[in-house]
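# Observations on chain architecture
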Amino acid sequence: MGVVHTLHFVFGIFGNATALFLFLAPIITFKRIIQKRSTEQFSGLPYVMTLLNCLLSAWYGLPFVSPNNLLVSTINGTGAVIESIYVLIFIAFAPKKEKKKISALLLLVLAIFAAVALVSMLALHGKNRKLFSGIAATIFSIIMYGSPLSIIRLVIKTKSVEFMPFFLSLFVFLCGASWFAFGLLGKDPFVAIPNGFGFGLGTVQLILYAIYCDKKGLTKKSTSDMSLEKQSSNNNKSKLEQV
């Protein structure tokens, strides 16, 4: 029994470390967004859904909701702060249509979290509070892990991983694996189920990266070739007109 508790704690610490790297991985992406003053084809959805997941998971891990899950609460509280910064930066540099969409989603996220927190505190107690908060956290954890599916479709369509950052995919894999093991050892389905899904999705992203990483610059190169071809055509047309 002591070995299981030790492993449970170790995977919790490792889960905290990988989750922190997962939260910090998009810094490269947001540095690019700030430098270009544009969100380009990056999606803001994963950051909004990660924020909601962090808020609900941090709530679920609090001692008066779910005992023995403080490690879940501390890292997700940190993640909520980091993701809030990302979302605000994305809104600042997104096109008008995308800005409205992400802003509306942010308000929805805050409303959902407030509703879950209020209902669990005011209407539920003991196991019912844990059950309600756990189900809410599980549902939105799965949605968070599933939010990069739009990027996966883009990768397959363009055969380019330019808009699927490698480190983000790597830490989705590591974070999902760590918390999946933590949930299994702690016999907590509300931690194990969504992170098992994240582990699987992270695996898919890494496989796609391995397949298409050599074609990262293909889209740019094709665009560049088309521009040169067009320029050459225009030059030839100009010479003919002069003759």
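Rules of the game
- Residues numbered from 1 in each chain as written.
- Predicted model: local features only at pLDDT ≥ 70, side-chain atom pairs only at ≥ 80, totals over all residues.
- Heavy atoms only, no water.
- UniProt positions renumbered as here; feature names shortened; annotations may be inferred.
- Core = buried A, V, L, I, M, F, W, Y, C linked by side-chain atoms within 4.5 Å.
- Buried < 20%, exposed > 50% of the residue type's maximum accessible area, 1.4 Å probe, protein only.
- Helix = DSSP H or I, 4+ residues; strand = E, 2+ residues; numbered from the N terminus.
- Contact = heavy atoms within 4.5 Å.
- Axes fitted to C-alpha atoms, helices over the stretch in contact; angles between N-to-C directions.
- Parallel < 35°, antiparallel > 145°, perpendicular 65-115°, else oblique.
- Left-handed = near helix turned anticlockwise from the far one by under 90°.
- Nonpolar A, V, L, I, M, F, W, Y, C, P; charged D, E, K, R; others polar.
- pLDDT = per-residue confidence, 0-100.
- Patch = residues over 30% accessible without salt bridge, like charges linked within 9 Å, V, L, I, M, F, W, Y side chains within 5 Å.
- Areas by Shrake-Rupley, 256 points an atom, 1.4 Å probe, with all protein chains shown as cover.
- Salt bridge = Lys/Arg side-chain N within 4 Å of Asp/Glu carboxyl O.

Going by the annotation in an unreviewed UniProt entry, the name recorded for the chain is Bidirectional sugar transporter SWEET, with Datura stramonium given as the source organism. Turning to the chain, the UniProt annotation filed under Function (unreviewed entry) states: "Mediates both low-affinity uptake and efflux of sugar across the membrane." For the record of the chain, the UniProt heading Sequence similarities (unreviewed entry) holds the text "Belongs to the SWEET sugar transporter family."

If you look at soluble globular proteins, the nonpolar side chains tend to sit buried side by side. In this structure, Val87, Phe90, Val155, Met164 and Trp179 are the most contacted members of the largest nonpolar core, which totals 55 residues. At ten residues, the largest contribution of residues to this core is made by helix 3 (residues 45-60). Among residues more than four places away in sequence, those in contact with Phe90 are Phe30, Ile33, Thr39, Phe42, Ser43, Gly44, Glu98 and Ile102.

Orientation of helix 8 (residues 166-185) relative to helix 9 (residues 189-212), taken along the N-to-C sense of each, is 150°, at an axis distance of 7 Å. Classified by the angle between their axes, helix 8 and helix 9 sit roughly antiparallel to one another. Crossing of helix 8 against helix 9: the hand is left-handed. Among the residues making up the contact of helix 8 with helix 9, the classes are represented as 15 nonpolar, nine polar and no charged.

Let's shift gears to the confidence of the model for the chain. Summary statistics for the chain give a mean pLDDT of 82 and a share of 86% for residues scoring 70 or more. Across residues 217-243, where pLDDT falls below 50, the model places three contacts with residues more than four positions away in sequence or in other chains.

The next point concerns the side chain of Ser133. Among the structural elements, Ser133 can be located in helix 6 (residues 126-146). With a relative accessible area of 1%, Ser133 lands in the buried category.

A few words on a nonpolar patch on the surface. Side chains of Phe64, Leu118, Met121 and Leu122 sit close together on the surface and give an oily, nonpolar patch of about 420 Å² of accessible area. Residue classification places Met121 among the partly exposed positions, given a relative accessible area of 35%.

Moving on, we come to the packing of helix 3 against helix 6. The relative placement of two packed helices comes down to the angle between their axes together with the axis-to-axis distance. Contact geometry of helix 3 with helix 6 gives a least axis separation of 9 Å together with a crossing angle of 155°. The angle between helix 3 and helix 6 falls in the class roughly antiparallel. Crossing geometry of helix 3 relative to helix 6 is assigned as left-handed. Contacts between helix 3 and helix 6 involve Met49, Thr50, Leu52, Asn53, Leu56, Ser57, Trp59 and Tyr60 from the first element and Lys130, Ser133, Gly134, Ala136, Ala137, Phe140, Ser141, Ile143 and Met144 from the second. The class makeup of the residues in the contact of helix 3 with helix 6 is ten nonpolar, six polar and one charged.

Along the polypeptide, Asn69 turns up in the loop between helix 3 and helix 4 (70-93). Overall, Asn69 belongs to the buried group, its relative accessible area being 5%. Along the primary structure Asn69 and Gly186 are separated by 117 residues, whereas in three dimensions their C-alpha atoms are 9.1 Å apart. Once you skip the residues sitting within four places of it in the chain, Asn69 turns out to touch Tyr60, Gly61, Phe182 and Asp188.

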